[in-house]
Amino acid sequence: MKILLTNDDGIFSEGLRLLALELEKNHQVYVVAPDSEKSATSHAITIRNHLEIKKVQLEGLKNISYSVSGTPADCVRVGLALLHKDVDLVFSGINKGYNAGADIKYSGTVSACAEANLHGLSGVAVSTQFKEGSSDFKTAASFVPGIFSKYKDLVLGQPMVLNINIPKLAEEEIKGIKVCELGDLIHDRFRQEIISEEISHVFLKDRKPIDLKDGADQKLLSQGYITVTPIKYIYKDQDLMNKFLAVK
């Protein structure tokens, strides 16, 4: 199978390289990733500036990689249109930090896979916990081939996003793998610093604690499980359309 691999932490992220090495054991892997960190860029694309593409040789990888001076969605668009037109699937990650609950709305990692869906391909987004200043990409990467193999037929059956989150735990401490729904939105809290009568600066302070929803990804991750959530981006709701058409 031919896989296009991207991320939002940048092409030199260790998470991307280790995921590529794992996937290369059974697949052809082609890396097209941002030239720098593009976290929380969601599904943004570049339309007013040119994109610069550079060849990059990442340590240990069989194929030449490409960096793109744009967003994760840009990387998928350019990758599929110009660099690797015949891939079967898009992977994105491994992200430094969970993409769970409503946070997927802001995620460049997950949105790269949503862009793949627009091109008729499925995407697999992989994220791992960022805790005490680091993520364990190696352990996380070791779980990915098995998870993908288990759900491969479903993933390839129709365009969708398979969202995988992996706790930062030793392999023997992982309690198991749970297919589950997305959790809730965790609201960010801000700090405002008044500079003058006309200007103030706003800083992200922390996240407001919430009661984690039983059976959803955020709660299961806190309990030591790997979470797997299939997501479909539905852009047409015929029932809602019919209700609008019925209004006279």
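So, a few notes on the structure that sits alongside this text. (Residues numbered from 1 in each chain as written. Predicted model: local features only at pLDDT ≥ 70, side-chain atom pairs only at ≥ 80, totals over all residues. Heavy atoms only, no water.)

### A look at the sheet that holds strand β3 (residues 53-56)
Basically, it comes down to this: Note on pairing: DSSP must find at least two bridges between two strands before they are called paired. For helices the rule is a DSSP run of H or I covering at least 4 residues; for strands it is a run of E covering at least 2, with both sets numbered from the N terminus onward. Only the stretch in contact is used when fitting a helix axis, every axis being a line fitted to C-alpha atoms; angles between N-to-C directions are given from 0 to 180 degrees. We call two residues in contact when some of their heavy atoms are within 4.5 Å.
Here 9 strands make up an open sheet; going across it, the order is β3-β4-β2-β1-β5-β6-β7-β11-β8 and the pairing mixed. Of all strands in the sheet, those with a lone pairing partner are β3 and β8 (176-179), marking the two edges. The average undirected angle you get between the axes of adjacent strands in this sheet is 20°. As paired strands, β3 and strand β4 (residues 65-68) are joined by 4 bridges and run antiparallel to one another. Opposite K54, over in β4, you have S67 as the bridge partner. Each of β5 (89-96), β6 (123-128), β7 (161-166), β8 and β11 (225-231) is contacted by helix α4 (residues 137-157), which is oriented at about 150° to β5, the strand it contacts most.

### With respect to α4
Rule in force here: A helix is expected to span 1.5 Å for every residue after the first. A residue's bend is simply the angle between two axes: one fitted to the seven residues ending at it, one to the seven starting at it. The buried label applies to any residue whose accessible area, calculated with a 1.4 Å probe on protein chains only, is under 20% of its type's maximum; exposed applies above 50%, and partly exposed to all values in between.
In this model, α4 (21 residues) spans 28 Å end to end at C-alpha, consistent with the 30 Å of a helix rising 1.5 Å per residue. Of all the bends in α4, the greatest, near 65°, is centred on Y151. Within the span of α4, buried status applies to F137, T139, A140, A141, F143, V144, I147, F148, Y151 and V155. Among the structural elements, α1 (14-24), β5, β6, β7, β8 and β11 are those in contact with the buried residues of α4.

### Some points on the layout of surface pockets
For clarity, the cut-off: Of the grid points, spaced at 1 Å and generated over the protein atoms alone, those admitting a 1.4 Å probe that cannot get out make up cavities, while open sets with protein on both sides within 12 Å along at least five of seven lines make up pockets; any residue with an atom within 4 Å of a point is treated as lining. Grid points are joined across faces, edges and corners, and a volume is the space filled by probe spheres set on the points. In this count, Pro and Cys sit with the nonpolar residues alongside Ala, Val, Leu, Ile, Met, Phe, Trp and Tyr, while Asp, Glu, Lys and Arg are called charged and the others, Gly among them, polar.
The volume enclosed by the largest pocket comes to roughly 820 Å³. In terms of lining residues, the largest pocket is bounded by 30 residues, among which G97, Y98, N99, D103 and R207 are the most central. Listing elements by their share of the lining of the largest pocket, those giving two or more residues are β5, β10 (200-207) and α5 (217-222). For the lining of the largest pocket, the per-class residue count stands at 11 nonpolar, 9 polar and 10 charged.

### Some thoughts on the packing of aromatic side chains
In plain terms, the rule: The rule is short: rings of Phe, Tyr and Trp, with Trp giving its six-membered ring, pair when the centres are within 6.5 Å, and they are stacked under 30 degrees, edge-to-face over 60, tilted in between. A ring has a charge above it when a Lys NZ or an Arg CZ is no more than 6 Å from the ring centre and no more than 35 degrees off the ring normal.
Applying the stated criterion across every chain, the model contains 1 aromatic pair. Ring geometry for F91 against F148: centres 5.4 Å apart, planes inclined by 80°, an arrangement best described as edge-to-face. Of this pair, F91 sits in strand β5 while F148 sits in helix α4; the two residues are 57 residues apart in sequence, bridging distant segments of the chain. Considered together, F91 and F148 belong to a single accessibility category, that of buried residues. For K178, the ring lying beneath its charged end belongs to Y225, and the centroid distance is 5.1 Å.

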